[in-house]
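So you can see what is in the structure, the chains are spelled out below.
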2 protein chains.
Amino acid sequence: MSYTAPLKDMLFDIEHLARIDQVSQMPGFEDAGLETAQAVLEECAKLNEGVIAPLNFEGDKNPSSFKDGVVTTTPGFKDAFKQYAEGGWQGLQHPVDFGGQGLPKTIGAACGEILNSANMSFALCPLLTDGAIEALITAGSDELKAIYLEKLVSGQWTGTMNLTEPQAGSDLAAVRSRAEPQPDGSYKVFGTKIFITYGEHDMAENIVHLVLARVTGAPEGVKGISLFVVPKFLVNKAGTLGDRNDVHCVSIEHKMGIKASPTAVLQYGDHGGATAYLVGQENRGLEYMFIMMNAARYAVGVQGIAIAERAYQKAVGYAKDRVQSRPVDGSMSAAAPIIHHPDVKRMLMTMRASTEGCRAMASVAAAAYDAAHHHPDAEVRKQNAAFYEFLVPLVKGYSTEMSLEVTSLGVQVHGGMGFIEETGAAQYYRDAKILTIYEGTTAIQANDLVGRKTARDGGTGAKAIAAQIEKTEAELAKRDSANAKAVHQRLKAAREAFVDVVDFIAANTRSNPNAAFAGSVPYLMLAGNLMAGWQLARSLLVAEELSAKGQDVAFMQAKITTARFYADHILSRVPGTRDAIVDGADAVTALAIESF
Amino acid sequence: MSYTAPLKDMLFDIEHLARIDQVSQMPGFEDAGLETAQAVLEECAKLNEGVIAPLNFEGDKNPSSFKDGVVTTTPGFKDAFKQYAEGGWQGLQHPVDFGGQGLPKTIGAACGEILNSANMSFALCPLLTDGAIEALITAGSDELKAIYLEKLVSGQWTGTMNLTEPQAGSDLAAVRSRAEPQPDGSYKVFGTKIFITYGEHDMAENIVHLVLARVTGAPEGVKGISLFVVPKFLVNKAGTLGDRNDVHCVSIEHKMGIKASPTAVLQYGDHGGATAYLVGQENRGLEYMFIMMNAARYAVGVQGIAIAERAYQKAVGYAKDRVQSRPVDGSMSAAAPIIHHPDVKRMLMTMRASTEGCRAMASVAAAAYDAAHHHPDAEVRKQNAAFYEFLVPLVKGYSTEMSLEVTSLGVQVHGGMGFIEETGAAQYYRDAKILTIYEGTTAIQANDLVGRKTARDGGTGAKAIAAQIEKTEAELAKRDSANAKAVHQRLKAAREAFVDVVDFIAANTRSNPNAAFAGSVPYLMLAGNLMAGWQLARSLLVAEELSAKGQDVAFMQAKITTARFYADHILSRVPGTRDAIVDGADAVTALAIESF
C-alpha cells in the first residue's frame with residue numbers, strides 16, 4: 001500500500017496548464033517558478049511517502065479514540081505532525097509576515113494533493129488549520145493576529161471550524177449557539193457544536209476553535225451570526241498557555257471512513273461560558289466563515305483528486321500483479337496479469353482520466369486564485385477571481401463525486417480481494433464518501449453554482465468561459481491527428497450543451513426556481529465534466545507538440561491517450577446530462593410528497 | 001430502520017408486466033395466480049418485516065465470529081433461520097416432490113427481494129442453498145437426491161458453492177483442488193477453497209458443500225473439472241448424521257460489508273481426505289456449476305434491487321423528517337423537511353426509478369424463466385429461454401451497479417448523518433459493493449453478454465428483443481400525453497443506440513475482440529438501462545389506462561411520473577454510452593502497460 005507522488009503529472013499541469021511562468025511574474029511570487037515547484041514537490045513527496053502515507057491503513061484499523069474528554073490519535077500521528085510542522089508545511093501558502101513561505105496556490109495545491117493521497121485522515125488537521133488562518137488574516141484584529149497567527153502557521157497550534165449544530169447542518173440560519181458580551185470586550189459562548197473535525201486531539205499544544213454564534217439580541221437568520229475565536233487553552237499576555245477554556249469534547253463519532261480523524265461533539269459553556277474573542281464585526285460571521293469555507297471547499301475537491309490517485313495507484317499495482325485468464329485477443333497462450341484484459345484497462349483508464357482531468361482543472365483554478373490575488377492589473381485580478389469562483393464548486397463537487405466512482409472502480413479491479421479490509425482498497429471507498437458531504441454537500445455546491453455563479457450575472461461569466469473553450473476547439477481544429485479530431489468533436493458538443501444549460505439556468509432561476517434547482521447537481525456534474533475535459537484537451541495540444549519534438553515521447557503519448565479516453569468515455573456523457581436538465585425538470589418535482 | 005415490503009409495486013409488476021395470468025395457465029402453476037401471489041407476499045412480508053429485518057443492523061455491529069474452527073452467527077440469526085425454514089420459505093420455488101411448494105419464479109423472485117431487503121447477510125444462506133438444490137436436481141443421482149434434497153429444501157441443512165481458490169477467481173480453469181477416486185465409488189477431495197459464503201455456521205445441523213475439483217488424471221483447464229458433494233457431516237444410510245468429514249473452516253474474512261454473513265476459508269483433506277460424492281459425470285462440473293451460478297446470478301441481481309429498495313425507504317423516511325432551509329420556490333415561510341428541496345427529490349426519484357426499473361426487468365425475466373420451463377409449447381419455451389438468458393447478465397450486472405449509485409445517494413440524502421454508522425445508511429453502501437463482484441464480476445457478466453448472448457448468434461436474439469421494444473414504442477406513439485411522448489422519444493433513441501451497439505459487438509467480437517470487450521461493460525450498462533426503461537415504459541402504458549379508469553389514481557400517477565423520470569434522467573444516458581462503445585474502443589487499449 002505504498003504511494004508515489006505523481007510529480008511528473010503535477011509538474012506538467014503546473015508548467016503547461018497553470019502556466020507557472022506567468023504566476024512567477026506576479027509580485028511576491030518572483031521565486032516561485034518551475035524549479036521551485038519541482039524542489040518543493042520533491043521535498044513534499046519525500047515526507048509524505050516516507051512518513052505520513054505508511055500511517056494511513058493503521059489509522060483505519062486503529063482510529064482516534066475517546067476517553068474522559070481526551071482524544072488519543074493513532075500511534076504515529078503525533079510524531080508525524082511534528083515533522084510536518086517542523087518542515088514548515090503548514091505555512092506553505094501563508095504570508096511570510098506570519099512565518100509562512102508565501103508560495104502560490106499553484107504549488108500549494110499540488111502539495112495538498114500529495115498530503116491527502118498519503119493520508120486523508122491526517123491531512124484534515126492541517127486543512128482545517130489553513131481555514132482558521134485565512135479567516136484570521138482576513139478579518140482578525142491585529143491583536144488576534146499577533147496572538148494566534150504565528151502559532152497556527154508554524155503548526156504549533158491547530159485550528160477548527162465550528163459551524164454545525166444538531167438542527168443546523170446545511171442551514172446555518174438555524175445556528176443557536178449564543179455569545180454574551182463581557183465587560184472586558186470578550187464574550188462567553190454557550191452551545192453544542194457537532195461534526196467538528198479534529199475538535200479535540202493530542203497532536204498540538206493548543207486548539208483554536210473558530211465558532212459561529214449569535215450575540216445576545218442579534219437578528220434572526222444568517223444576518224445575526226458572528227464569528228469567534230475560542231482557544232482550548234486561554235493564552236496569556238506573554239503568549240504562553242493559561243487556563244483550560246470551557247469547551248469540552250463530549251464524544252467522537254463512529255464513522256464509515258476517515259476513522260483516524262476525530263469528529264468531535266464540542267460542548268461550549270457548561271461551566272460558566274467559554275471565553276471567546278470576536279473576529280471582525282458582530283453579525284458578519286457568515287461572511288468571514290465563507291472565507292474559510294471557500295478555501296476549505298477547494299481543498300476538499302483536492303482531497304477527491306488525492307484519494308482517486310491513491311486508489312488508482314493501488315489498482316494498477318494489483319492489476320499488474322494478479323494473474324487470471326488469457327487475453328481475449330489470443331495474444332498470450334497462458335493466463336496473464338489482469339491489466340491485459342480490456343475491461344480492466346477500461347476501469348484503470350476511467351480512474352486515470354478522471355483523476356488527471358480533475359487535477360488539471362484544480363491546477364488551473366489555483367493559478368486563477370494566484371492571479372486574482374497577486375496580479376498587478378486590477379482587471380486581470382477581477383477576471384481571474386470570477387473564473388476561480390466559478391470553478392470552486394466544480395473542483396469541490398465534481399472532483400469529489402468523481403472520487404466515488406474512482407474508488408468504487410478501485411475496489412472492483414481487486415475483485416473479491418477488494419472487499420476484504422486487509423487489502424486496503426475498501427478504505428478509500430469508505431473514506432471518499434465523506435467528501436461529497438462535508439464543507440457543503442454536492443447540492444450546496446450546486447446551489448452556489450446556480451445562484452451566485454450563474455444566474456446572478458445572467459450567465460455572462462459562464463459564457464465567457466465557454467468562449468475560452470471555443471478557442472481551444474479552434475486550436476484542436478488545426479490539428480490533423482485522429483485524437484485531436486475526436487477530442488475536438490466531443491469538446492464542441494459538450495461546450496454547446498453547457499451553453500444550453502446556462503441559458504436554461506439563467507432563464508429559470510428566478511421565474512421557475514424548482515426547474516432550475518431540479519437540474520442543479522446535474523449542471524454541476526456537466527460543468528465539472530466539461531472543465532476537466534477542456535483542460536485535458538489543452539494537455540493534448542501541448543503533448544502533441546512536445547511529442548513531435550521528441551520530448552519524453554512515452555509520457556506525452558500517455559497524456560494524449562488519456563485525453564482521448566476522457567473525451568470518448570466521460571465527456572460523452574455531457575449531452576445526455578443536458579437533456580436531463582433541460583427536459584427533465586418536471587419529472588423531478590411532479591411526485592407529491594405523500595407518494596414517496 | 002424499519003422496512004416495509006413494497007407489495008403494491010411488486011404485485012403491479014407481477015400482474016401487468018410479468019403477466020401472472022399467463023404464468024398460471026402453464027402446467028404445474030394452476031394455483032399460482034394473482035391471489036396466491038398476494039397471499040404469499042403478504043405472509044413473506046410479515047416474517048421479514050417482523051423477525052428478519054430487525055436483525056440487519058445488529059448483524060453489522062455484531063458480525064459472525066470465528067474461534068477454533070467454529071463460526072458463531074449474530075445472536076438471533078439461528079432462531080430466525082429456524083422460523084424461515086419452518087415457514088417453508090426455503091422450498092418456495094422447489095419441486096413439490098422434494099417437499100417444496102413449486103411456486104413460479106415470478107412469485108419467488110419477489111419473495112427473494114423481500115428477504116434481501118430485510119437482511120442481505122442473512123439471505124445469503126438460503127440463496128446459496130437454492131443453488132445447491134438446483135444443481136442436485138439437475139445433475140445429482142437418484143441416491144444423492146434421496147439423501148440430500150429434502151433436508152436442503154426443508155432448510156434443515158444448508159448448501160454452499162465452492163469454486164474460488166486463491167489462484168482461481170474469475171478464472172476457473174485454474175482450479176487445483178483434486179479428487180481421488182476410492183474403491184467404493186466415492187472420492188477423497190483435497191484443497192483450499194476461499195470466499196465460501198456460509199461455508200461454516202451454526203444455523204443448521206449439516207452443511208452440504210458443492211465443490212469443484214479435478215479427478216486425478218483429468219484434462220487441464222475447464223474441461224477437467226468435476227462437481228462433488230462434500231457434506232460437513234457424513235450421512236448414514238438411515239439419513240442420520242455420522243462422522244465429521246475432513247473439511248474445516250480455518251478462518252473467516254474481515255469484510256467491508258455483509259459482515260454477518262461468514263465468508264469462510266475451507267480446508268479440504270488435511271486429515272486424510274474429505275469424503276466426496278460425484279455429481280453427474282466426471283469433467284462436466286463446470287456445466288453443472290453454471291446451473292447454480294445462473295440461478296445465483298439472477299438472485300444476486302435481486303439483491304441489488306433489494307438493498308436499493310431498503311436504502312430508498314430509509315432515505316425517504318429521513319427526508320420527510322429532517323427539517324432544514326426554506327424551499328427555493330418561496331412556497332413556505334419557514335424551514336421545511338428536506339424532501340421539499342428539488343435536489344433531494346431528484347436523488348429520491350433517481351433511487352426510486354432505478355429500483356423500480358430493475359425490479360420490473362427482474363420480474364419480467366422471472367416470468368420468462370417460468371415459461372421457459374413450464375410452457376407446453378416447445379417453441380415458446382425456447383424463445384423464453386433465450387430472452388431469460390439474455391436478461392440474466394443484465395439483471396445481475398445492471399441491477400447491482402445501479403445499487404451502488406442508489407446506496408451512495410442514500411447516504412447523501414442523510415448528509416453528515418449518513419456517514420455515521422449508527423444511522424444505518426452507510427451499511428447499505430458498504431454491503432452493496434460486494435454485489436458487483438461475487439457470482440461473477442460485472443465484467444464477467446458482460447463477457448457472457450458479449451460472447452454467448454450477443455455474438456454467438458450474430459446479434460439475432462438481441463435484435464429480436466429490440467423488435468419487441470419497437471412494439472412498445474408503437475403503443476406509446478398512440479398516446480396523447482406529454483409523458484408518453486417524452487418516454488417514447490427516449491425509448492426510441494435508446495433502442496436505436498442499442499441496435500448500433502449490437503451491430504458493433506457482432507461485427508467485432510471475433511475479428512477485433514479487444515474492441516468488442518473494451519465496450520463490454522458499457523454495453524451491459526446500456527442494455528440493462530434500456531431493458532429497465534422499456535419495462536417502465538410498459539408500466540406507464542398500463543398506469544395511464546388504469547388511471548383514466550379511476551383505478552388507484554395516486555398510485556398510477558406515481559408510476560407514470562417514475563417512468564417519465566427514468567426516461568429523462570437515466571435512459572437519456574444511453575446515447576452517450578453508445579458513443580463510448582462505438583467510438584471509444586481504441587482509447588481503452590491504446591496505452592502501453594508500462595505507461596500505467
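Worth saying up front: this structure is predicted, and the values here are computed from it rather than measured.

Asker: What should I look at first to understand the pairing of strand S12 (residues 274-278) of chain B in this one?
Answerer: Regular strands show a simple pattern: their side chains alternate between the two faces of the sheet. Residue and element names in this part refer to chain B. Judged by how many residues are buried, S12 sits mostly within the fold: four of five residues are covered. For strand S5 (residues 187-197) and S12, the ladder comprises three bridges, and the chain directions are antiparallel. For Val 189, the partnering residue across the bridge sits in S12 and is Ala 274. Pairing of strand S7 (residues 226-231) with S12, which is carried by two bridges, proceeds in the antiparallel orientation. Of the residues in S12, the one forming a bridge with Val 229 is Tyr 277.

Asker: How should I be thinking about the UniProt feature "domain: Acyl-CoA oxidase/dehydrogenase middle" (unreviewed entry) in chain A in this particular structure?
Answerer: According to UniProt, the positions carrying the feature "domain: Acyl-CoA oxidase/dehydrogenase middle" (unreviewed entry) are residues 161-268 of chain A. In the segment residues 161-268 of chain A, helix accounts for 0% and strand for 48%; the C-alpha atoms at its two ends are 14 Å apart.

Asker: Got a minute to help me understand the packing of aromatic side chains in this structure?
Answerer: One pair of aromatic rings is described through two measures. These are the centre distance and the angle between the planes. On inspection of all chains with the given rule, the structure shows 25 aromatic pairs over all chains. With a centroid separation of 5.5 Å and an interplanar angle of 75°, the aromatic rings of Phe 77 of chain A and Phe 122 of chain A are classed as edge-to-face. On the criterion of sequence distance, the pair formed by Phe 77 of chain A in helix H5 (residues 77-86) and Phe 122 of chain A in helix H7 (residues 120-139) is long-range, its members being 45 residues apart. For the pair formed by Phe 77 of chain A and Phe 122 of chain A, the shared burial category is buried. Aromatic rings pair up to connect Phe 77, Phe 81, Tyr 84 and Phe 122 of chain A into one cluster. Across from the ring centre of Phe 596 of chain B, 5.9 Å away, lies the NZ or CZ of Arg 352 of chain A, which sits over that ring.

Asker: Whenever I open this one, helix H17 (residues 520-548) of chain A confuses me. Can you help?
Answerer: All names here are of chain A. Between the first and last C-alpha of H17 there are 42 Å, a value that for 29 residues agrees with the 42 Å anticipated at 1.5 Å per step. Burial within H17 is extensive, with 25 of its 29 residues counted as buried. Two residues or fewer after H17 comes Gly 550, characterised by a positive phi angle close to 80°.

Asker: I tried to follow the domain arrangement of chain A on my own but got confused; where do I start?
Answerer: Accessible area lost during the coming together of the parts is what is often quoted as the interface size. All names here are of chain A. Structurally, chain A comprises domain 1 (7-151), domain 2 (158-283) and domain 3 (444-596). Placing the centre of domain 1 and that of domain 2 at their C-alpha centroids yields a distance of 24 Å. Of the residues lining the interface, 30 residues belong to domain 1; the matching set on domain 2 comes to 30 residues. Buried area between domain 1 and domain 2, both sides added, is near 2600 Å², and the carbon and sulfur share of it is 72%. Of all residues in domain 1, Val 71, Leu 128 and Tyr 148 give up the largest surface area on contact with domain 2, accounting jointly for 22% of the area buried on that side. Taken together, domain 1 and domain 2 are joined by zero salt bridges. Our count for the contact surface shared by domain 1 and domain 2 stands at six residue pairs in polar contact (both at pLDDT 80 or more). Sort the elements by how many residues they give to the side of domain 1 that touches domain 2 and H7 lands first, with 11 residues. For the side of domain 1 that touches domain 2, the class distribution of residues is 17 nonpolar, 10 polar and three charged.

What counts as what
- Each chain has its residues counted from 1, following the order in which its sequence is written.
- For this description, chains carry letters from A and ligands carry numbers from 1, given in the order in which they are written.
- Selection of residues for local features in this predicted model requires a pLDDT of at least 70, selection of side-chain atom pairs for listing and counting requires 80 or more, and totals for whole chains, interfaces and linings are taken over all residues.
- Only hydrogens and water are set aside when side-chain values are computed; all heavy atoms of the structure are taken into account.
- Under the scheme applied here, a residue whose accessible area is under 20% of the maximum for its type counts as buried, over 50% as exposed, and between as partly exposed, the area being computed with a 1.4 Å probe on protein chains only.
- To qualify as a helix, a DSSP run of H or I must reach at least 4 residues; to qualify as a strand, a run of E must reach at least 2; elements of each kind are numbered from the N terminus.
- At least two bridges found by DSSP between two strands are what make those strands a pair.
- UniProt positions are given in the numbering used here, feature names are shortened, and annotations may be inferred rather than shown by experiment.
- Pairing of aromatic rings covers Phe, Tyr and the six-membered ring of Trp, with a centre-to-centre limit of 6.5 Å; geometry is then stacked below 30 degrees between planes, edge-to-face above 60, and tilted otherwise.
- Here, a charge over a ring means that NZ of Lys or CZ of Arg falls within 6 Å of the ring centre while also lying within 35 degrees of the ring normal.
- A helix is expected to span 1.5 Å for every residue after the first.
- For the domain bounds, the source is a domain assignment made automatically or taken from a database.
- Two residues form a contact once any of their heavy atoms are found within 4.5 Å.
- Summed over both partners, the accessible surface that disappears when two parts come together, traced with a 1.4 Å probe, is what is meant by buried area.
- The term salt bridge refers to a side-chain nitrogen of Lys or Arg lying within 4 Å of a carboxyl oxygen of Asp or Glu.
- Pairs of N or O atoms within 3.5 Å make up the polar contacts considered here, provided that, within protein, one atom can donate a hydrogen while the other can accept it, and that residues adjacent in sequence are counted only when both atoms are side-chain atoms.
- Classification convention: Asp, Glu, Lys, Arg as charged; Ala, Val, Leu, Ile, Met, Phe, Trp, Tyr, Cys, Pro as nonpolar; all other residues, Gly among them, as polar.

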